[in-house]
Amino acid sequence: MARNCPVPFSSYSKLSLLVFINLILYPFTEGQTSGFSTHLIHRDSPKSPLYNPSDSNFERLHDAFHRSFARAQYFNKRISHSRSKLLSHFSSDSIQSNITSVTGDYLIKVSIGTPAVDVLAIADTGSDLTWTQCRPCIQCFKQDAPLFDPSKSTTYEQVLSCHAPLCRLDPGITVCYPGNICGYGVAYGDKSFSDGDLATDTFTFESSSGGNISIANVAFGCGHQNGGTFEETSSGIVGLSRGALSIIRQLNASIAGKFSYCLVPRNSNFSSKIHFGTNAVVSGPGVVSTTLYKKAGDTYYYLDLVGFSVGNTTIPYHFTKLDNSSPDDEGNVVLDSGTTLTFVPRQMYQPFESEIIDLTKGTRVPDPTGADLRVCYNKDNNLQIPKIVAVFLDADLILPPNNTFAEVSDGVVCLTIVPSDDTPILGNQLQINFLIGYDLVNGTVSFLPTDCTKNH
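Sequence order as written defines the numbering, with residues in each chain counted from 1. Only residues with pLDDT of 70 or above have their local features reported here, since the model is predicted, and side-chain atom pairs are shown and tallied only from 80 upward, although totals for entire chains, interfaces and linings are computed over all residues. Derived side-chain values reflect all non-hydrogen atoms in the structure, with water molecules and hydrogen atoms excluded from consideration.

Participant: Just checking my understanding: could you explain the overall build of the protein chain for this structure?
Facilitator: Of the regular secondary structure elements, the protein chain holds 7 helices and 28 strands. Buried, partly exposed and exposed residues are distinguished by accessible area as a fraction of the type maximum, computed with a 1.4 Å probe on protein chains only: under 20%, between the cut-offs, and over 50%, respectively. Buried residues in the protein chain amount to 57% of all 456 residues. The contact criterion used throughout is that any non-hydrogen atoms of two residues lie within 4.5 Å. Restricting to contacts in the protein chain with at least 6 residues of sequence separation, those with at least 24 account for 72%. Surface exposure here means Shrake-Rupley accessible area, sampled with a 1.4 Å probe, where a residue is shielded only by the protein chains that are shown. Working note: accessible area of the protein chain is about 18300 Å², and carbon and sulfur atoms make up 51% of it. In this text, helices come from DSSP runs of H or I with a minimum length of four residues, and strands from runs of E with a minimum of two, each type numbered from the N-terminal end.

Participant: What am I meant to see in the pairing of strand S22 (residues 395-399) here?
Facilitator: When a strand is regular, its side chains alternate between the sheet's two faces. Going residue by residue along S22, you find Ala-395, Leu-397 and Leu-399 tucked away on one face and Asp-396 and Ile-398 left uncovered on the opposite face. In the sheet, strand S21 (residues 388-392) pairs with S22 via 5 bridges, with the strands oriented antiparallel. Among the inter-strand pairings, Ala-390 is bridged to a residue of S22, identified as Leu-397. A pair of strands is labelled paired if DSSP reports no fewer than 2 bridges between them. Counting the residues that bridge the hairpin from S21 to S22 gives 2 residues, and of these Asp-394 lies at a positive phi of roughly 70°.

Participant: Looking at this structure, I do not really get the environment of His-66. What am I missing?
Facilitator: Tracing the sequence through the fold places His-66 in helix H2 (residues 57-77). Since its relative accessible area comes to 41%, His-66 is described here as partly exposed. Spatially, the C-alpha atoms of His-66 and Asp-372 are 9.7 Å apart, while their sequence positions differ by 306 residues. Those residues within four positions of His-66 in sequence are excluded, and the remaining contacts are Thr-369, Gly-370 and Ala-371.

Participant: Which parts of the structure should I look at to understand the state of the cysteines?
Facilitator: As used in these notes, a disulfide is a covalent bond between sulfur atoms, one from each of two cysteines. The rule for a disulfide is simple: a pair of cysteine sulfur atoms within 2.5 Å. In this structure the tally under the stated criterion is 6 disulfides. A disulfide bridge connects Cys-162 with Cys-176, and the sulfur atoms are separated by 2.0 Å. Between Cys-162 and Cys-176 the disulfide shows an S-S torsion of about 95°. By sign, it is right-handed. Here the residue Cys-162 occupies a position in the loop between strand S5 (157-158) and strand S6 (174-177), and Cys-176 occupies one in strand S6, the gap between them amounting to 14 residues. Residue class for Cys-162 comes out buried when judged on its relative accessible area of 12%. The class for Cys-176 is partly exposed, based on a relative accessible area of 47%. Between the sulfur atoms of Cys-262 and its disulfide mate Cys-452 the distance is 2.0 Å. In this structure the cystine formed by Cys-262 and Cys-452 twists about its S-S bond by roughly -75°; its chirality is therefore left-handed. Here Cys-452 lies in the segment after strand S28 (444-449) and Cys-262 lies in strand S11 (residues 258-262), a separation of 190 residues in the sequence. Taking the relative accessible area as the measure of exposure, Cys-262 reaches 0% and is therefore buried.

Participant: In this structure, what is going on with the nonpolar core? I would like to understand it.
Facilitator: Across soluble globular proteins, nonpolar side chains show a tendency to be buried alongside one another. For this analysis, a nonpolar core means a set of buried residues of the types Ala, Val, Leu, Ile, Met, Phe, Trp, Tyr and Cys, connected via side-chain atoms within 4.5 Å. Within the largest apolar cluster, 68 residues are counted, with the highest numbers of intra-cluster contacts made by Phe-259, Tyr-261, Leu-303, Phe-308, Leu-335, Phe-352 and Tyr-438. When residues in this core are grouped by element, the largest group, 5 residues, is from strand S9 (residues 212-227). In this structure, Cys-182, Tyr-188, Phe-230 and Ile-237 belong to the second largest nonpolar core, which totals 21 residues.

Participant: Help me understand the layout of surface pockets, please; the structure alone is not making it clear to me.
Facilitator: Where empty space is left in the structure can be found by rolling a water-sized probe over the atoms. Quantified by volume, the largest pocket comes out at close to 540 Å³. Lining the largest pocket are 21 residues, with Asn-402, Phe-405, Ala-406, Glu-407 and Gln-429 sitting closest to its centre. Sorting the residues of the lining of the largest pocket by element identifies H2, helix H7 (401-404) and strand S23 (405-409) as the ones contributing at least two each. Sort the elements by how many residues they give to the lining of the largest pocket and H2 lands first, with 4 residues. Side-chain classes are defined by residue name, with Ala, Val, Leu, Ile, Met, Phe, Trp, Tyr, Cys and Pro counting as nonpolar, Asp, Glu, Lys and Arg as charged, and the others, Gly among them, as polar. Taken together, the residues that form the lining of the largest pocket break down as 10 nonpolar, 6 polar and 5 charged. Lining residues are those with an atom within 4 Å of a point, where the points come from a 1 Å grid over the protein atoms alone and group into cavities, where a 1.4 Å probe fits but cannot get out, or pockets, open sets with protein on both sides within 12 Å along at least five of seven lines. Grid points are joined across faces, edges and corners, and a volume is the space filled by probe spheres set on the points.

Participant: Please explain the sheet that holds strand S20 (residues 376-378) as it appears in this structure.
Facilitator: Where strands meet in a sheet, backbone hydrogen bonds hold them as pairs that are either parallel or antiparallel. With antiparallel pairing, the 4 strands of this open sheet are ordered in space as S19-S20-S24-S23. Either end of the sheet is taken by a strand with one partner, and the two such strands are strand S19 (364-365) and S23. Two elements, S19 and S20, share 2 bridges in a ladder whose sense is antiparallel. Bridged to Val-365 within S20 is Cys-376. Packed onto the sheet, helix H6 (residues 346-359) meets S19, S20, S23 and strand S24 (412-415) and runs at close to 145° relative to S24. Convention adopted: a line fitted to C-alpha atoms gives each axis, helices being fitted over their contacting stretch, and angles between N-to-C directions are expressed from 0 to 180 degrees.

Participant: Even after reading the chapter, I still don't get the sheet that holds S22, so can you show me in this structure?
Facilitator: Strand order across the open sheet formed by 4 strands is S16-S15-S21-S22, with antiparallel pairing between neighbours. Every other strand in the sheet has two partners, leaving strand S16 (313-316) and S22 as the edge strands with one partner each. In this sheet, neighbouring strand axes are inclined to one another by 25° on average, regardless of whether the strands run parallel or antiparallel. Where strand S15 (residues 305-310) lies against S16, 4 bridges are found, and the strand directions are antiparallel. Looking across to S16, one finds that Gly-307 is bridged to Pro-316.

Participant: What should I look at first to understand the side chain of Thr-174 in this one?
Facilitator: Here Thr-174 shows up in strand S6. Of note is the side chain of Thr-174, whose polar atom sits 2.8 Å from the backbone oxygen of Cys-167. Distance and chemistry together define a polar contact, namely a pair of N or O atoms within 3.5 Å, with one atom able to donate a hydrogen and the other to accept it when in protein, and with adjacent residues in sequence counting only for side-chain atoms on both sides.

Participant: What's the story with the side chain of Asp-124 in this structure? I'm lost.
Facilitator: Within the fold, Asp-124 resides in strand S3 (residues 117-124). Judged by its relative accessible area of 0%, Asp-124 is buried. There is a polar contact of 2.5 Å between the side chain of Asp-124 and the side chain of Arg-71.

Pasting the structure below:
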């Protein structure tokens, strides 16, 4: 199912050599040895194309809560399929959906090709492959921007052999089309999917300090069959996980395995920022660091949560799987940028909730959101919330009240940590106003409490 004419063998050899060199050295074309920074736009921010001024902040937050529950299911059911499996699982009736996308809360702008074509994609620490919708479109979800046309990019190169090194990096994503053509197929737990050609092209990021940063030979998916719960303003996904084909892993040598981000409150007029390279190092007074775990066959970012402390009481981490199997001893929670709520094991949540209720001074009220939040209070001058600390291995993270409680309706705040029987997730509400640095070389994650609306 090749969509571009085969190139001569000499061109293929050149591409293989470029890919091989690219994966080892991967220099920035503008010589940025210290890396670069760019903007992350929360989908509910006034800067987002998804922003609807007629919606209240409370309505946006309620939607985010519902997305969180769907996102949690995505983590537990995420799958990667070959193209044949994708076609057997999805009918034409299921391609367009009005369900809100569950693939992430933050958008990132990137330009692809030469000349560069702007793409607004979902920045996702839970996804591997970066992909965008492409021409010719066999089956696509509706998007506002024009589809990327690879035939008009002078730097676009399709991976033309299933034996190419790039095609072998992630067998769970790459597939082999008839004629020995390399492609990809990804599907998600909410039945969204993308399927097309594996290719390389120049990616250009808008630097938050001014100017542009261009990176040659970035591997990505050029999607010709895509569908599911994506919205019209986005064109695909930028994969920020630790998978072999993710942007993070592809840039590994040039960014020294380091990236960080600082998330501003969702209704802020400022953009969040994401940093790549040595300028992403998080250090100095107030920084706490913990071990970043990697699990075989999994590309998420795992931390070891020891427990939560409420006031002077520590509630230890406890999780018994539904099948009564033993949980993993290390790396028990996923640190995720795309989930708003934080999910903890039900066995741990019960004493955690009890301790919060016992120590909180205020008037408890029912959850007005319909999201089944369990601990809500009237927000008034009498409300006093106890000190809550997330205790990680070698790192105590003091959580401000605005990170653990959110105002969900006029005068009502609710706890944004909820119980789960599935994969525990540390959501982005808990991460607001922390500079969070990932160091894949040293295997650590560092946290620095700060004001993310400043220049971080």
